[in-house]
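These are the residues of each chain, in order.
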Amino acid sequence: MAASRSPCLRGGLLTLLLLQLPGLHSAHFDVVVPPELIVAVVGDDAELPCCLSPSAIANVSAAGAELRWVRERESPAVLVHRAGRAQDAEQMARYRGRAALVQDGLTQGRVALRIRGVRASDDGEYRCIFRQDDSHEEASVRLKVAALGSDPHIHVEVQGNGETRLECTSAGWFPEPQVQWRTPGGEAFSSTSESRDPSAEGLFSVAASVVIRDTSVRNVSCCVRNVLLGQEKEVETSIPAPFFPRLTPWIVAVVIILIVLGLLTAGSIFFIWRLYKERSRQRNNEFSSTEKLLEELKWKKATLHAVDVTLDPDTAHPHLFLYEDFKSVRLEDARQRLPEKPERFDSWPCVLGREAFTSGRHYWEVEVGDRTDWAIGVCREDVERKGFDPMTPENGFWAVELYGNGYWALTPLRTPLPLAGPPRQVGVFLDYESGDVAFYNMTDGSLVYTFSDASFSGPLRAFFCLWSCGKKPLTIRPITDGLEGVMVIADATDPSMETPLSPMGEDAAPGDTDVPHSKAIPTHPSQTTP
């Protein structure tokens, strides 16, 4: 601060000399400010000194005078200090909390305007006005704001004609910076085009581009300079060698010949591939009848082990509504008030079958119809039913699903199933000892997917999930042909209790007019509650 006050002292000495001259002694006082510019960096604090001449201190009380700092004559003040305190009501809004009076030397007539966190908009002229009674004097000081922007960035683009276009960008400069391109040898050249755009804070972003046609130039640097601060930032980049030499007529002819040969080769390969595919299709057709027969035999074998599966209401998610025969289920937006049980699903909208299987072969069918977004299969009885554990074999689930217009096997990475047509009924066949779970499209008897060689331990139960609401339910279909008496665990909590399963009753798919009114929905429309 000593350097900033020296102009006040020099001005005071000059005033003392003038006052010694005859006829110049009067009550007039002078206001002295530094003649040079005051430079401040954006974000730093700046102080603008202002003082009374030494001869005026005896006649004018700086502490009792009004001190006003202004930018323009008609605008509000940057700072007003009167009667020993700042007058906030007369202050410009953008300077509130930022402009303050440094009054350490107020009794000696020395003050300064301190601006905290200098902005680009603070750049300009400031007038310091002392007012005593009806007399006032003023002086102007110039504040120059500067900002050193970001490191330049050069984007390199090799154009089709072999020329290289460089674009240099940088932001956060004030005032407008200068941009210059240089070679490693120090040769400077101007930009082909430049643009400087101010931001909302008044800081400038610069973008300068240049086109390099000389292929011998390998390195170029971009230099952005702040003239006011005398500082600059520079970055260098390498120009890649051209991918292709400049094309001559004979090179163009060679390229065209190579393209034609490539097209002919591709056409020949495509023709051979089509011939191979046609012969493969013929061979596949020869075996198709045999494969269909094998699939039909497998399906017939599966139906010999049909079991009667019913839904367990104690495991049903609160948004799942079961029908009274416990053969059908649908998902609703409404949530039921059901007792909290450890076996109930609370996140996935799922329900399990009542029956648990610990050995043997078991088969059941599910009517999916034309509804969308479902998953069916088997799972371990001890699967996690709270939360969103993935439904994979590692977590005890062996299932397939329709989701997003696609059929999938719920493997760890979800295996897509390319079916010939959408199944309306799906058969599930469990072979406990072999570790197999197979799914069949009962529309044509074809195999959908098989989980093979699983290592089952503990009871398994049928598994059903619905991903979207709708009046059309999932229904466990009755199987009337080839039923066997199969022993399964009726109560999974007591392995010693076993009971034979009997065939299902008549198919009980509900109509679209059913209205859920409790956990169990009437099987027939006549039982529906309005």
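Remember, it's a predicted structure, so these values are computed and weren't measured experimentally. (Residues numbered from 1 in each chain as written. Predicted model: local features only at pLDDT ≥ 70, side-chain atom pairs only at ≥ 80, totals over all residues. Heavy atoms only, no water.)

A. Structural view of the state of the cysteines. This model, assessed by the stated rule, comprises 3 disulfides. In this structure cysteine 223 is a free cysteine whose sulfur lies 7.3 Å from that of cysteine 222, the closest cysteine sulfur available. (Disulfide = S-S within 2.5 Å.)

B. Local environment of the pattern of salt bridges. Summed over all chains, the structure comprises 28 salt bridges. Residue arginine 182 pairs with glutamate 234 through a salt bridge whose shortest N-O separation is 3.4 Å. Of this pair, arginine 182 sits in strand 13 (residues 178-182) while glutamate 234 is found in strand 18 (residues 231-238), placing the two residues 52 residues apart along the sequence. When its relative accessible area of 21% is taken as the criterion, arginine 182 is described as partly exposed. Overall, glutamate 234 belongs to the partly exposed group, its relative accessible area being 42%. For aspartate 382, the salt bridge goes to arginine 380, with nearest N and O atoms at 3.1 Å. By relative accessible area, arginine 380 is classed as partly exposed at 23%. By sharing partners, the salt bridges in this structure join Glu66, Arg68, Arg82, Glu90 and Arg131 into a single network. (Salt bridge = Lys/Arg side-chain N within 4 Å of Asp/Glu carboxyl O. Helix = DSSP H or I, 4+ residues; strand = E, 2+ residues; numbered from the N terminus. Buried < 20%, exposed > 50% of the residue type's maximum accessible area, 1.4 Å probe, protein only.)

C. The sheet that holds strand 4 (residues 66-70), seen in detail. Spatially, 6 strands are ordered 2-10-9-4-5-6 in an open sheet, and the strand pairing comes out mixed. Two strands in the sheet have a free side with no partner beyond their single neighbour: strand 2 (38-41) and strand 6 (85-86). Bridge analysis of strand 5 (residues 79-82) against strand 6 gives 2 bridges, and the strand direction is antiparallel. Along strand 6, the bridge assignment pairs histidine 81 with alanine 86. (Pairing = 2+ DSSP bridges.)

D. Highlighting the packing of aromatic side chains. Here the structure, examined in full by the defined rule, presents 11 aromatic pairs. Geometrically, the ring pair formed by tryptophan 348 and phenylalanine 388 is edge-to-face, given 5.0 Å between the ring centres and 85° between the ring planes. On the criterion of sequence distance, the pair formed by tryptophan 348 in the loop between strand 20 (328-331) and strand 21 (350-357) and phenylalanine 388 in the loop between strand 23 (374-380) and strand 24 (397-403) is long-range, its members being 40 residues apart. With 5.7 Å between their ring centres and 15° between their planes, phenylalanine 357 and tryptophan 364 make a pair best called stacked. Among the aromatic residues, those joined into a ring-pair cluster are Trp348, Phe388 and Trp467. Lying across the ring of tyrosine 126, arginine 71 places its NZ or CZ 4.5 Å from the centre. Here the guanidinium or amino end of arginine 414 rests over the ring plane of tryptophan 408, the centre of that ring lying 4.4 Å away. (Phe/Tyr/Trp six-rings, centres within 6.5 Å; stacked < 30°, edge-to-face > 60°. Lys NZ or Arg CZ within 6 Å of the ring centre and 35° of its normal.)

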